[in-house]
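Structural overview for review
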Amino acid sequence: MKNPVRRTKHFLGICLIAFVTFLFNSCEYSDPASEIEEQLDPNDNTTEHRKRTNARIVHPGDPNLDPNWNWEGSEWIVYFSNDAGFVSQPIPTESPFYNNDPIFSHADPSQIDIRAADGWMLVARDFGTATAAPKNPWIMLYNRYRGLMRVCVLKTAILLSSHQSISLSFDNSVAAPDAFVFTDVTKQIATAETGDQQWIVGEFNLQGYDPVINRQARFRIEVMDAVNYDIKGNGDISLSGKAQPNVKPLGTIYEVGSIASKLWDKLPDLGKGSVFKVVLGALKKNPFAITAGAAGIIKSFTSSGKSPSYNISLEGTFSLTGTMTLSSPRRTISVYLDNTANNSGQYKALNDIPWGVMNYNEIVKVYYRRTSFPPFSEDSPMFELHMYTNNGFFNNVLSINPAIQNEIASIRAGWVYRNVNTTQFTSLSSFQNTRMSQEATVFWDGTGVGTIEFPSHVAIRLEYPNGDVVFNKIPVEIIEI
């Protein structure tokens, strides 16, 4: 029997190829400059290259280089330029965190999840000046506690469609850090429906902690016009969700291996009568309940105690009905992660950012052995199954970013089993000091009196004093001896 994962990916892959072909043969707003941009070296700093990207040389003294600029106000003043290089008048815009969007705000300043006091830091921005400006003003903010990054890009006339996508990946000129380890992807995508001179917002999962990041590593952010197509698919696949503003149900995107939507509303409807749907249907919008009640199908999860923002990755059997989004690249923004990078006036982090939350140094090893014993017959062969871990099996597995270690209220861990959608969490110290040991008498054909459920992961749950939660799963290797 063929693997349903491969079958689903093959089906979606065929759809994707067909739609890409259709898009580039019939799309009326295709931008020749954008097509050229994709063929250019991202390290090329020539004037011709910068004309086709969102980049400009930012000279010392530019106000956009102020590392202490306060982004928490309700109004942001921006400038932008057109293709001819003319700079606009100063434009006052409302911060996307002060509008009525249910994901990023409630138009209630007390609930806005963007405060420095809650872990948010300014990475970089370019709102332009009266003499020089990007075609699309933008800002990057990072949450040091949850490993989330938000990229806000202002929609100007350069973007032609009503839907836009923001993708986040790493420049391939140096080794990429381990930031995406818990999402199992090399590029994350968020899509929004946005009007002229409104902010497109994408939220991305950067939970993976890497103690050694190349000084010249940099993000690659692509801003794209999007065209949506209806698509349906079934199978066992992994879904990753990114919170985003202003996405109507028909604007939801389903791409191969990921989903971007307002998942709080969509979660109960994604299953097709499976345990997944039953479990999530009973859960409330509580990150603690989610990670305790559905840990078997959550790969990674972050949430805020102040507003219903989240970043979640799920595993299970799903039936998908939605819209596949294909995009035409418009602008590229590259930003160095290190504030000491040799950047030659190009964008780089303005502050020393403690990238990542946690990682794992090795896979958790669980051993088992089978011992046959009488009575033994062809109809009812029996054996004794013993599953265990070695002493200190978890001592060197988990790695927490030392920059935030002392700001975590609690770290809890528990075993995730393949067919059980609940996890019993205990303190990390207790989990590390408790050696697993289980035994059962089992019939060879699986119909016996005893069973042992093999774990698939170890769940890690970080909790902060303000109610924020970070949840990740570390894989388990089952070894027969």
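Here is a short report on the structure shown in this document.

Definitions and limits used
- Residues numbered from 1 in each chain as written.
- Predicted model: local features only at pLDDT ≥ 70, side-chain atom pairs only at ≥ 80, totals over all residues.
- Heavy atoms only, no water.
- Pairing = 2+ DSSP bridges.
- Helix = DSSP H or I, 4+ residues; strand = E, 2+ residues; numbered from the N terminus.
- Axes fitted to C-alpha atoms, helices over the stretch in contact; angles between N-to-C directions.
- Buried < 20%, exposed > 50% of the residue type's maximum accessible area, 1.4 Å probe, protein only.
- Contact = heavy atoms within 4.5 Å.
- Core = buried A, V, L, I, M, F, W, Y, C linked by side-chain atoms within 4.5 Å.
- Salt bridge = Lys/Arg side-chain N within 4 Å of Asp/Glu carboxyl O.

1. A word on the sheet that holds strand β8 (residues 199-205)
- Reading across from one edge, β3-β4-β5-β8 is the order of the four strands in this open sheet, with antiparallel pairing throughout. The sheet is open, and its two borders are formed by β3 (120-126) and β8, each paired with just one other strand. Put simply, the sheet's adjacent strands are angled 15° from each other on average, direction ignored.
- In terms of strand pairing, strand β5 (residues 148-154) meets β8 through seven bridges, oriented antiparallel.

2. Remarks on the side chain of serine 167
- Within the secondary structure, serine 167 is located in strand β6 (residues 163-170).
- Given the relative accessible area of 1%, serine 167 is considered buried.
- The residues contacting serine 167, other than those within four sequence positions of it, are Lys187, Gln188, Ile189, Phe204, Arg220, Ile221, Glu222 and Met224.

3. Quick look at the nonpolar core
- Grouped together as the largest cluster of nonpolar side chains are 35 residues, with contacts concentrated most on Phe394, Trp415, Ile460 and Leu462.
- Looking at this core, the elements that each hand over two or more residues are β15 (364-372), β16 (382-388), β17 (398-400), β18 (410-417), α7 (428-433), β20 (437-443), β21 (455-463) and β22 (469-480).
- Per-element accounting of this core gives the leading share, four residues, to β18.
- Apart from the residues lying within four places of it in its own chain, the contact partners of leucine 462 are Val357, Met358, Ile400, Ile408, Ser410, Ile411, Asp468, Val469 and Val470.
- Membership of the second largest hydrophobic core comes to 31 residues, among which are Tyr142, Met149, Leu159 and Ala179.

4. Some thoughts on the pairing of β3
- Counting buried residues in β3 gives seven out of seven residues, a clear majority hidden from the surface.
- As paired strands, β3 and strand β4 (residues 138-143) are joined by six bridges and run antiparallel to one another. Looking at β4, one finds that leucine 122 is bridged to leucine 141.

5. A few points about the side chain of serine 95
- Relative to the helices and strands, serine 95 is located in the loop between β2 (91-94) and β3.
- Its relative accessible area of 1% is what places serine 95 among the buried residues.
- When residues no more than four places from it in sequence are discounted, the contact partners of serine 95 are Gly73, Ser74 and Trp76.

6. Re the pattern of salt bridges
- Taken as a whole and judged by the stated rule, the model has 16 salt bridges.
- In this structure, aspartate 113 and arginine 150 form a salt bridge, with 3.3 Å as the shortest nitrogen-oxygen distance. Here aspartate 113, found in the loop between β2 and β3, pairs with arginine 150, found in strand β5; they are 37 residues apart in sequence, far enough to count as distant. As far as the burial class goes, aspartate 113 and arginine 150 line up, both buried.
- Across the pair glutamate 203 and arginine 150 runs a salt bridge whose closest N-O atoms are separated by 2.8 Å. You can see glutamate 203 sitting in strand β8 and its partner arginine 150 sitting in strand β5, a full 53 residues away along the chain. Considered together, glutamate 203 and arginine 150 belong to a single accessibility category, that of buried residues.
- It is possible to trace a salt-bridge network through shared partners that takes in Asp113, Arg146, Arg150, Glu203 and Asp468.

7. Quick notes on the environment of tyrosine 336
- When you line up the elements, tyrosine 336 lands in strand β13 (residues 310-336).
- Taking relative accessible area as the criterion, tyrosine 336 reaches 6% and is therefore assigned buried.
- If near-sequence neighbours (up to four positions away) are discounted, tyrosine 336 is found in contact with Gln216, Ala217, Arg218, Ala341, Asn342, Asn343, Gln346, Tyr347, Lys348 and Ala349.

8. Some remarks on unusual backbone geometry
- Positive phi values are uncommon outside glycine, yet aspartate 184 reaches one of about 55°.
- Backbone geometry at glutamine 197 places phi at a positive 55°, although glycine is not the residue there.
- Mapping glutamine 197 onto the fold places it in the loop between β7 (188-193) and β8.
- Glutamine 197 gets classed as partly exposed once you look at its relative accessible area, which sits at 40%.

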